[in-house]
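Understanding the architecture of this molecule
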Amino acid sequence: MIELKNIFKWYNVGGNRAFVLKDVNLQIQEGEFVSVMGPSGSGKSTLLHIIGLLDEPNEGAYLCRNEDVLKLKEKRRAEIYKQHMGFVFQAYHLIDELTVAENIDTPLIYKGLKSSERKAIVADMLDRFGIVGKKDLFPNQLSGGQQQIVGIARALAGKPKVLLADEPTGNLNSKQGEEIMELFKKLNQEDGVTIIQVTHSEKNAEYGSRIIELLDGQVIQAGS
Ligand code: ADP
Ligand code: ADP
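Criteria and thresholds
Residues numbered from 1 in each chain as written. Chains lettered and ligands numbered in written order. Predicted model: local features only at pLDDT ≥ 70, side-chain atom pairs only at ≥ 80, totals over all residues. Heavy atoms only, no water. Pairing = 2+ DSSP bridges. Helix = DSSP H or I, 4+ residues; strand = E, 2+ residues; numbered from the N terminus. Axes fitted to C-alpha atoms, helices over the stretch in contact; angles between N-to-C directions. Contact = heavy atoms within 4.5 Å. Expected span 1.5 Å × (residues − 1). Buried < 20%, exposed > 50% of the residue type's maximum accessible area, 1.4 Å probe, protein only. Arc of directions from axis to C-beta. Parallel < 35°, antiparallel > 145°, perpendicular 65-115°, else oblique. Nonpolar A, V, L, I, M, F, W, Y, C, P; charged D, E, K, R; others polar.

Naming follows an unreviewed UniProt entry, where the protein chain appears as ABC transporter ATP-binding protein of Albibacterium profundi.

Attention now moves to the sheet that holds strand β5 (residues 67-68). The strand order across the open sheet built from 4 strands is β2-β1-β4-β5, with neighbouring strands paired in antiparallel fashion. Where the open sheet ends on each side, the last strands, each with one partner, are β2 (16-28) and β5. In the sheet, strand β4 (residues 59-64) pairs with β5 via 2 bridges, with the strands oriented antiparallel. Counterpart to Cys64 in the pairing with β5 is Glu67.

Another aspect to go through is the sheet that holds strand β8 (residues 194-198). Pairing is mixed across the open sheet formed by 6 strands, whose spatial order is β6-β7-β8-β3-β9-β10. A strand with exactly one partner marks an edge of an open sheet, and here the two such strands are β6 (85-88) and β10 (218-221). The average undirected angle you get between the axes of adjacent strands in this sheet is 20°. Across 5 bridges, strand β7 (residues 162-166) lies against β8 in parallel orientation. The residue bridging Leu164 from the neighbouring strand is Ile196, located in β8. Packing against the sheet, helix α1 (residues 44-51) makes contact with β3 (33-37), β6, β7, β8 and β9 (210-215), and its axis sits at approximately 155° to β7. Packed onto the sheet, helix α5 (residues 144-157) meets β6 and β7 and runs at close to 175° relative to β6.

Here α5 spans 20 Å end to end across 14 residues, near enough to the 20 Å set by a 1.5 Å rise per residue. Buried residues dominate α5, accounting for 12 of its 14 residues. Burial in α5 covers these residues: Gly145, Gln147, Gln148, Ile149, Val150, Gly151, Ile152, Ala153, Arg154, Ala155, Leu156 and Ala157. Among the structural elements, β6, α3 (100-111), α4 (115-128), β7 and α6 (174-191) are those in contact with the buried residues of α5. One or two positions beyond α5, positive phi appears at Lys159, with a value near 45°.

Glancing now at the pairing of β10. Strand direction decides the pairing type here: β9 and β10, joined by 3 bridges, are antiparallel. Paired with Leu215 across the bridge in β10 is Gln218. If you look at the hairpin formed by β9 and β10, you'll find 2 residues sitting between the two strands, and Asp216 has a positive phi there, around 50°.

The next point concerns helix α2 (residues 74-84). Every buried residue belonging to α2 is among Arg77, Ile80 and His84, and all of these are buried. Relative to the axis of α2, the buried residues are bounded by an arc of 60° and lie together on one face. When the buried face of α2 is taken as reference, the exposed residues oriented beyond 90 degrees from it are Glu74 and Lys75.

Turning our eyes to something else, we now look at the packing of α5 against α6. It is the contact of α5 with α6, at a shortest axis distance of 12 Å, that shows an interaxial angle of 10°. Accordingly, the angle class assigned to the pair α5 and α6 is roughly parallel. Together, Ile149, Ile152 and Leu156 of α5 and Ile180, Leu183, Phe184 and Leu187 of α6 make up the contact between the two elements. Of the residues belonging to the contact of α5 with α6, the class tally is 7 nonpolar, no polar and no charged.

Put into structure tokens, the structure is as follows:
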């Protein structure tokens, strides 16, 4: 489903290339639940952003459902993102000017769903995540953990086939964290959602079936 071939990513720093990803080759099958691990600065977030079509490598190829996505026009790539991907950001990336309910609604608007359908889905998400009482609050009125929950609800509202999550439980307490991991497990096993999470937690990684380990921008392990 997802295949990365000879991916390189670098930034130009003082006339030199600072490599973030160096010759990354990876395959992730539909329905997998994988964890990306490695020290801070090893390229995990960058890799996740590239897989999620939010960033582009400088070199290499990315096949997503057999489409060579880096060769596609921006518009088609954005369509694939909207139709198939859900992204949970490490720093939430909620829209400050929108309420909790409106934030969860955004991907549904982009997807072009009807207002009645959107309302039902948003209500369902609020209920499922226990945040009905917060629906009219703005992100800055919530704790970090609550904002993360809203970010997760938003990512899942559009029923993505691929869920990409950057440290999804990083700001949650251990009980909330476990609940989110149980939810991911259920989504993966019952709904067949492909999940790719960046995590520092061995415990979180155990929910997945495979660990991809990065060190200095290279994949040093991609087995189970
Ligand atoms: P993480 O917590 O995953 O290690 P970082 O702190 O490395 O995240 O990066 C957070 C954000 O800051 C990322 O979006 C990244 O692109 C950006 N960033 C990181 N390092 C630099 C840098 N040296 N120059 C500019 N932007 C950076
Ligand atoms: P991780 O998620 O493993 O912490 P990242 O993918 O966030 O790693 O970052 C990998 C490296 O890329 C870091 O050294 C970071 O400083 C660098 N980096 C990220 N974004 C930028 C940027 N916009 N400009 C320069 N360096 C960056």
